[in-house]
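Analysis of the macromolecular model
Given next are the chains, with one letter for each unit.
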Amino acid sequence: FDEGYQWYYEGVNGWWQYDARTSLDLEAHHKKGDRSCELLIAGFVYVIDFENMVQFQQRDRSKKRRIKRDLINIPGKKGVAGLKIG
Ligand code: V3L
């Protein structure tokens, strides 16, 4: 992992950091140059689409969230995988 960078998915008025395990998987697929990958997150298979930088559930593609790779200390960070900061 490049120092100081993290993966995020979109929440209401801010960004959630992916959990540590998922972040490592994402980073590995991204580094390989994969255009997308499928990961099990909280019991659901999600497609991570690096070309469009979105994620969505494999069996319900209607709800798409933007994703980004950004610095670990971005403003507007809500927490990690649904666990709020502070
Ligand atoms: N990691 C963990 N949980 C996720 C992820 C992920 N990458 N993607 C979706 N979920 P959907 P606010 C989020 C959860 O997109 O207040 C946050 O983590 C998602 O959780 O339809 O709106 C918070 O826990 C949601 O509960 O597949 O910013 C919660 O939303 C559920 O999967 C509220 O955050 C369905 O999301």
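Residues numbered from 1 in each chain as written. Predicted model: local features only at pLDDT ≥ 70, side-chain atom pairs only at ≥ 80, totals over all residues. Heavy atoms only, no water.

1. Section: the environment of Y18
Mapping Y18 onto the fold places it in the loop between β2 (14-17) and α1 (20-32). Counting along the chain gives 64 residues from Y18 to G82, while the straight-line C-alpha distance between them is 8.8 Å. If we ignore the near neighbours within four places in the chain, the residues touching Y18 are W7, Y8, Y9, S23, L26, I41, I48, Q55, I67 and V80. There is a polar contact of 2.7 Å between the side chain of Y18 and the side chain of Q55. (Helix = DSSP H or I, 4+ residues; strand = E, 2+ residues; numbered from the N terminus. Contact = heavy atoms within 4.5 Å. Polar contact = N/O pair within 3.5 Å; in protein donor to acceptor, adjacent residues only side chain to side chain.)

2. A short note on the side chain of D49
In this fold, D49 is placed in strand β4 (residues 44-49). The side chain of D49 is buried and forms no salt bridge, while K64, the nearest opposite charge, is found at 7.3 Å. A polar contact of 2.7 Å, which involves the side chain of D49, links it to the side chain of N52. Setting aside anything within four residues of it in sequence, one finds D49 in contact with R35, S36, V54 and F56. (Buried < 20%, exposed > 50% of the residue type's maximum accessible area, 1.4 Å probe, protein only. Lys, Arg positive; Asp, Glu negative; His and termini not counted. Salt bridge = Lys/Arg side-chain N within 4 Å of Asp/Glu carboxyl O.)

None of the figures reported here should be taken as evidence of function without further support.
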